[in-house]
Amino acid sequence: MNDAKSMVEKLYKGNGKLYLACLCVGLITGAIVSCYRWGLGKIGIIRREYFSEVNLNNPMALLKAWALFIGIGLIVNYLFKKFPKTSGSGIPQVKGLILGRIDYKNWFFELISKFVAGVLGIGAGLSLGREGPSVQLGSYVGYGVSKLFKKDTVERNYLLTSGSSAGLSGAFGAPLAGVMFSIEEIHKYLSGKLLICAFVSSIAADFVGRRVFGVQTSFDIVIKYPLDINPYFQFFLYIIFGVIIAFFGKLFTVSLVKFQDIFNGVKLPREIKVCFVMTVSFILCFVLPEVTGGGHDLVESLIHQKAIIYTLIIIFIAKLFFTSISYATGFAGGIFLPMLVLGAIIGKIFGECLDLFAATGADFTVHWIVLGMAAYFVAVVRAPITGVILILEMTGSFHLLLALTTVSVVSFYVTELLGQQPVYDILYDRMKKDDNLVDEENQEKVTIELPVMAESLLDGKAISEIIWPEEVLIIAIIRNGVEKIPKGRTVMMAGDILVLLLPEKIVGEVKESLMKHTSVE
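Residues numbered from 1 in each chain as written. Predicted model: local features only at pLDDT ≥ 70, side-chain atom pairs only at ≥ 80, totals over all residues. Heavy atoms only, no water.

**Student:** I would appreciate a short explanation of a nonpolar patch on the surface in the present structure.
**Tutor:** Where nonpolar side chains cluster on the molecular surface, the patch consists of Phe233, Phe236, Ile240, Ile244, Phe248 and Leu251 and spans about 460 Å² of accessible area. The topology assignment puts leucine 251 in helix α10 (residues 231–265). (Patch = residues over 30% accessible without salt bridge, like charges linked within 9 Å, V, L, I, M, F, W, Y side chains within 5 Å. Areas by Shrake-Rupley, 256 points an atom, 1.4 Å probe, with all protein chains shown as cover. Salt bridge = Lys/Arg side-chain N within 4 Å of Asp/Glu carboxyl O. Helix = DSSP H or I, 4+ residues; strand = E, 2+ residues; numbered from the N terminus.)

In structure tokens:
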């Protein structure tokens, strides 16, 4: 028990060296993600300029461009097969790494592969975002630093979470959203030490990013608050809009999963399927360039330009399906930015319809674009705090806080009624895990922390009432910052942190199993 006590003390003591390591993770991640963001911007400009100048009557130029798209697709496909853990957004992989279900055995080469594959794939027009890969790039940095400084599993997870925070912070210039996302979506609990680690890393990454891209917000939006519109009418519209967005959020998640199944179910060589998707991207770069790439410019155009409603509907449908097709390939790229774009389009349509029937004005339409991004994110990811903070930081529209919170809460509640799981939980469940994962360097017993959420299966139960996995010992309960030595009759309460001692080789299996009991169903 003395060994167990020393582990608890190590777990909760202040650690200046750990915070310094988190600072290093943030600075390195900020530099890598800034390069990644810069590269995507440059290659996007090159793509748009080429397709705006190429003549459709010049078959040789078209053939060369099409061959280039196919070549890029095959290169990215090779990287996908060589380093499968770099596939998709990378956020499910980060969750799996923290839960101990996968490992970055070739972390440095995977980092390079993720970077190159993302720039090439998104640069070739695939409807994917930069934020998921940025989060995973940060986790690679955190993993590498933990190996360099020979950190144990607990401190390694702090560094992984810090790297994830730094990745999102660097991708969008949103340090607070980076912290909240890593806590709300990836780690799923909060402690003072974790919060400091995430903040240090996230702020460091944002500092580096601002040296490259300036201090302006991600979206250039000027919003005038509609003082002449009845506030009760506005609040009623926020509720209606939140309900509408929730159903479209479910549509996005269903489409993402269905297209993955269709892509994997087609009995053709993967290379042929990849060539088909790249051909679709090539065609869309001509006929509907608005839906290619992440979509940042599309959001800017929605803000500053008038649009016809049926055109917006076509763009929404095309963006939804092309995003689903692009993600189905497994190529390195996220769904954050495409999600925000789809929400912005729905907001634009809603605002234009209101203006058409109630003459609310163009200024009020811009509100719905901003609200649509937040509500759609919440409907799909089911992380309301992150959604609100992210859009606040990306737009600087802090006077819309009440409206953003309202539509986000309504969207979250309705998706809960619809029985919709968070998209990253679904993608994590569908992800291939490492079998019999054992850290050969350290197979000793380790401590892990698990939070008890309100209304979870453990809330209000005595320790003796729960059937715990074999080889697992509850060595402490942290309640309100005070360590307690538990007994069989000790009742667990919401907000408690359980400290468990168990063999490292079964950490992943046990942690994944117990998280279902400590969290709300």
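**Student:** What's the story with the pairing of strand β4 (residues 497–503) in this structure? I'm lost.
**Tutor:** Looking along a regular strand, one sees side chains alternate from face to face of the sheet. Among the 7 residues that make up β4, 7 are buried, leaving the element largely enclosed by the rest of the structure. Pairing of strand β1 (residues 445–451) with β4 involves 7 bridges; the strand directions are antiparallel. Note that in β4 the partner of isoleucine 448 across the bridge is leucine 500. Relative to β4, strand β2 (residues 473–479) is paired through 5 bridges, and the arrangement is antiparallel. Bridge assignment links isoleucine 478 to a residue of β4, and that residue is isoleucine 497. (Buried < 20%, exposed > 50% of the residue type's maximum accessible area, 1.4 Å probe, protein only. Pairing = 2+ DSSP bridges.)

**Student:** What's the story with helix α11 (residues 270–287) in this structure? I'm lost.
**Tutor:** Residue pairs spaced three or four apart in an α-helix point in one direction, given the helix's 3.6 residues per turn. Under the 1.5 Å per step criterion, the end-to-end length of α11 is 26 Å for 18 residues, consistent within 8% with the ideal 26 Å. Taken residue by residue, α11 has Arg270, Lys273, Val274, Val277, Met278, Ser281, Phe282, Leu284 and Cys285 as its buried positions. (Expected span 1.5 Å × (residues − 1).)

**Student:** I'm lost on the packing of aromatic side chains in this one. Help?
**Tutor:** For any two aromatic rings, the description comes down to two numbers: the centre-to-centre distance and the angle of the planes. Tallied over the entire structure, the rule returns 20 aromatic pairs. With a centroid separation of 5.6 Å and 70° between ring planes, the pair formed by phenylalanine 69 and phenylalanine 282 is classed as edge-to-face. Highlighted residues: phenylalanine 69 in helix α3 (residues 59–82) and phenylalanine 282 in helix α11, separated in sequence by 213 residues. Ring geometry for phenylalanine 241 against tryptophan 368: centres 5.1 Å apart, planes inclined by 65°, an arrangement best described as edge-to-face. A residue pair is termed long-range when its members are at least 10 positions apart, and phenylalanine 241 in helix α10 and tryptophan 368 in helix α15 (residues 362–381) qualify at 127 residues. Just as phenylalanine 241 is buried, tryptophan 368 falls in that class too. Ring pairing ties together the aromatic residues Phe172, Phe181, Phe336, Phe377 and Tyr424, which thus form one cluster. The aromatic ring of phenylalanine 213 is capped on one face by arginine 37, whose charged end is 4.1 Å from the ring centroid. Stacked on the ring of phenylalanine 207, the Lys or Arg arginine 211 has its end atom at 4.6 Å from the ring centre. (Phe/Tyr/Trp six-rings, centres within 6.5 Å; stacked < 30°, edge-to-face > 60°. Lys NZ or Arg CZ within 6 Å of the ring centre and 35° of its normal.)

**Student:** Looking at this structure, I do not really get the environment of glutamate 49. What am I missing?
**Tutor:** Relative to the helices and strands, glutamate 49 is located in helix α2 (residues 16–53). The sequence separation of glutamate 49 and tyrosine 413 amounts to 364 residues, and the corresponding C-alpha distance is 43 Å.

**Student:** Hey, could you run me through the environment of tyrosine 310 in this one?
**Tutor:** Residue position: tyrosine 310 is located in helix α13 (residues 309–328). It is 8.9 Å that separates the C-alpha atoms of tyrosine 310 and isoleucine 349, two residues lying 39 residues apart in sequence.

**Student:** Sorry, what's going on with the side chain of serine 146 here?
**Tutor:** Within the fold, serine 146 resides in helix α6 (residues 131–148). When residues no more than four places from it in sequence are discounted, the contact partners of serine 146 are Lys151, Arg156 and Leu159. (Contact = heavy atoms within 4.5 Å.)

**Student:** Would you mind going over helix α16 (residues 384–395) with me for this structure?
**Tutor:** For α16, which comprises 12 residues, the first-to-last C-alpha distance of 17 Å matches the rise-based estimate of 16 Å (1.5 Å per residue) to within 8%. Within α16, 10 of the 12 residues are buried, which leaves the element mostly enclosed by the surrounding structure. Thr386, Gly387, Val388, Ile389, Leu390, Ile391, Leu392, Glu393, Met394 and Thr395 are the residues of α16 that are buried. Looking at the buried residues of α16, the elements they touch are α7 (153–172), α8 (175–187), α14 (336–358), α15 and α17 (401–417). Backbone geometry just downstream of α16 places glycine 396 in the positive-phi region, at approximately 70°.

**Student:** Just to check I follow, could you spell out the nonpolar core for this structure?
**Tutor:** In a soluble, globular protein the nonpolar side chains are often hidden away together inside. Ranked by internal contacts, the top residues of the largest apolar core, which has 126 residues, are Phe336, Met339 and Tyr424. At 15 residues, α15 tops the list of elements feeding residues into this core. Discounting chain neighbours no more than four positions away, the residues touching tyrosine 424 are Ser89, Ile91, Pro92, Lys95, Phe181, Glu185, Ile335, Phe336, Met339 and Val381. The next biggest cluster of nonpolar side chains, apart from the first, holds 15 residues, and it includes Ile448, Leu450, Ile466 and Leu500. (Core = buried A, V, L, I, M, F, W, Y, C linked by side-chain atoms within 4.5 Å.)

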